[in-house]
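Residue-level structural notes
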Amino acid sequence: MPDSSDAAPIPDDESPSLSASDAAISRRNLPEPAVGRLSLYYRELYRLRDAGTHSINSRELGKLVNVSPAVVRRDLSALGTIGRRGVGYTVELLIEAIGGVLGSGHQWQVILVGVGSLGDALLRYRGFERLGFRLVSALDANPDRIGTSIGGVRVRDASELAQVLSDFSPDLAILAVPAEKAGEVAGELVAGGITGILNFAPTTLRLSSAIAVVNVDLASELQRLAFSVQQRK
Ligand SMILES: NC(=O)c1ccc[n+]([C@@H]2O[C@H](COP(=O)([O-])OP(=O)(O)OC[C@H]3O[C@@H](n4cnc5c(N)ncnc54)[C@H](O)[C@@H]3O)[C@@H](O)[C@H]2O)c1
């Protein structure tokens, strides 16, 4: 049964989406852990929509991502007024509202630099597109890789990076080169107009604070997991 404290579904004739300025305000007010949770809600909501679910309440959504209904309500209230107190949220409208704040309503052009084992797997992954991330080009320095096509993307010579940046004007780059090359490549990316880097290389990039960097480090995550397992003993 839905929570009585939840927001009611929004009538279809009401404008569901946040305006660009509302989304910008919501973004500024969101603490980082909430952003991470919104992304998890978003993934679950997509799955629910695909399965034909039209509405959900905070208890159900919280259960799916392992947080309390109160946390769900607080996170969603940061998106602005997306419903009235009542029976539940409309899945489609929540997807729109969260997507607007996370930037998934926007079509992001992304390039990948470094098509080794990790880059190869990323190029084959089909889950980026549906969230608004289009991998428009990939580059590598290895002659064996250059000219091959992976996941429908042709791998170009790393020396063409400036040209690729100028041709596609991508917003974001995924960096999957060896750590010792990462700083140099990141500098070239920024010089070519990239403003956000998803960095898989196990090194700290020293860039202007105007550039957003998200580091992905599975080894550190494993360390965190091991720590957490030990804490439970
Ligand atoms: N974050 C994680 O969880 C995680 C997991 C695995 C690997 N990694 C890191 O991600 C990076 C890639 O890992 P991998 O296993 O695919 O390594 P890899 O050696 O298989 O691939 C690296 C690729 O980068 C290319 N390269 C080198 N210099 C380049 C340049 N200047 N421009 C373009 N391409 C260049 C190489 O030719 C190679 O194909 C490494 O830094 C690795 O440590 C991170």
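Residues numbered from 1 in each chain as written. Predicted model: local features only at pLDDT ≥ 70, side-chain atom pairs only at ≥ 80, totals over all residues.

Stated formally: UniProt positions are given in the numbering used here, feature names are shortened, and annotations may be inferred rather than shown by experiment.
The protein chain has the name Redox-sensing transcriptional repressor Rex in an unreviewed UniProt entry, where Stieleria marina is given as its organism. The UniProt entry for the protein chain carries this comment under Subunit (unreviewed entry): "Homodimer." The annotation that UniProt attaches to the protein chain under Sequence similarities (unreviewed entry) is "Belongs to the transcriptional regulatory Rex family."

A look at the overall build of the protein chain
To keep it simple, the criterion reads: A run of H or I in DSSP counts as a helix once it spans at least four residues, and a run of E counts as a strand once it spans at least two, with each numbered from the N terminus. Here exposure depends only on C-beta density: within 10 Å of a residue's C-beta, 20 or more other C-beta atoms make it buried, 12 or fewer make it exposed, and intermediate numbers make it partly exposed, the C-beta atoms being placed from the backbone. In this description, any two residues whose backbone-derived C-beta atoms lie within 7 Å of each other are considered to be in contact.
Each helix and strand in the protein chain was counted, giving 9 helices and 11 strands. Split into buried and exposed, the 233 residues of the protein chain put 32% on the buried side. In the protein chain, 64% of the contacts between residues at least 6 apart in sequence involve partners at least 24 apart.

Re the UniProt feature "binding site: NAD(+)" (unreviewed entry) in the protein chain
Following the UniProt record, the feature "binding site: NAD(+)" (unreviewed entry) maps to Gly114, Val115, Gly116, Ser117, Leu118 and Gly119 here. Owing to 26 C-beta atoms within 10 Å, Val115 belongs among the buried residues under this scheme. Leaving out residues up to four positions away in the same chain, Val115 has contacts with Asp120, Leu123, Ala138, Asp140, Arg145, Ile150 and Val155. Following the sequence through the fold, Ser117 ends up in helix α6 (residues 117-124). Classification of Ser117 as exposed rests on a count of 9 C-beta atoms within 10 Å.

Some remarks on the pairing of strand β10 (residues 196-199)
The test is simple: Two strands are said to pair when DSSP picks up at least two bridges between them. A clockwise path from the first strand over the helix to the second, with the strands pointing away from the viewer, defines a right-handed crossover.
Side-chain alternation along β10 places Ile197 and Asn199 on a buried face and Gly196 and Leu198 on a face that remains uncovered. Across 4 bridges, strand β9 (residues 172-175) lies against β10 in parallel orientation. The partner of Ala173 across the bridge, within β10, is Ile197. With helix α8 (residues 179-191) bridging β9 and its parallel neighbour β10, the resulting β-α-β unit is right-handed. Both β10 and strand β11 (residues 212-215) contribute to a ladder of 4 bridges, which runs parallel. The residue of β11 that forms the bridge with Ile197 is Val213.

Regarding the site of the ligand
For clarity, the threshold we go by: A molecule or strand has a residue near it when that residue's C-beta atom, placed from backbone coordinates, lies within 6 Å of it.
If you check the shell around the ligand, you find 25 residues, and the closest are Gly114, Gly116, Leu118, Ala158 and Leu218. Taken together, the elements giving at least two residues each to the shell around the ligand come down to α6, β6 (133-140) and α8.

Description of the packing of helix α2 (residues 32-50) against helix α3 (residues 58-65)
Quick reminder of the rule: Every axis in this analysis is a line fitted to C-alpha atoms, fitted for helices over the stretch in contact. Angles between the N-to-C directions lie between 0 and 180 degrees. The scheme is simple: roughly parallel for angles under 35 degrees, roughly antiparallel for over 145, roughly perpendicular for 65 to 115, oblique for anything else. Any residue that is not Ala, Val, Leu, Ile, Met, Phe, Trp, Tyr, Cys, Pro, Asp, Glu, Lys or Arg is counted as polar, Gly included; the first ten are nonpolar and the last four charged.
Relative orientation of the contacting elements α2 and α3 amounts to 105 degrees, with a least axis distance of 10 Å. Comparing the axis directions of α2 and α3 gives the class roughly perpendicular. From α2, Arg37, Leu40, Tyr41 and Glu44 reach across to α3, where they touch Leu61, Leu64 and Val65. Of the residues that constitute the contact of α2 with α3, the class distribution is 5 nonpolar, no polar and 2 charged.

Quick word on the environment of Ala179
Checked against the element boundaries, Ala179 lands in helix α8. C-alpha of Ala179 to C-alpha of Ala201: the two residues are 22 residues apart in sequence and 4.9 Å apart in space. Beyond its immediate chain neighbours, meaning those up to four positions away, Ala179 contacts Ala201, Pro202 and Thr203.

Some details on α2
Test applied: A helix's residues, less one, multiplied by 1.5 Å, set its expected span. Working definition: the arc comes from the directions between the helix axis and the C-beta atoms, pointing outward to the latter.
Compared with an ideal rise of 1.5 Å per residue, which puts 19 residues at 27 Å, α2 spans 28 Å between its outermost C-alpha atoms and is within 8% of the ideal. Burial in α2 covers these residues: Arg37, Leu38, Tyr41, Leu45 and Leu48. One side of α2 carries all its buried residues, which in axial view fall inside an arc of 105 degrees. What points out from α2, more than 90 degrees from its buried face, is the exposed set Glu32, Gly36, Arg47 and Asp50. Among the structural elements, β2 (55-56), α3, α4 (69-77) and α5 (91-102) are those in contact with the buried residues of α2. Downstream of α2 by a residue or two, Gly52 has a phi angle that is positive, lying close to 90 degrees.

Focus: the packing of α2 against α5
For the record, the criterion: Helix crossings are classified by the rotation of the near helix relative to the far one: an anticlockwise turn of less than a right angle makes the crossing left-handed, while a clockwise turn makes it right-handed.
Where α2 contacts α5, the axes come no closer than 9 Å and their chain directions differ by 145 degrees. Relative to α5, the crossing made by α2 is left-handed. Residues Leu38, Ser39, Tyr41, Tyr42, Leu45, Tyr46, Leu48 and Arg49 of α2 pack against Val91, Glu92, Leu94, Ile95, Ile98, Gly99, Val101 and Leu102 of α5. For the contact of α2 with α5, the per-class residue count stands at 12 nonpolar, 2 polar and 2 charged.

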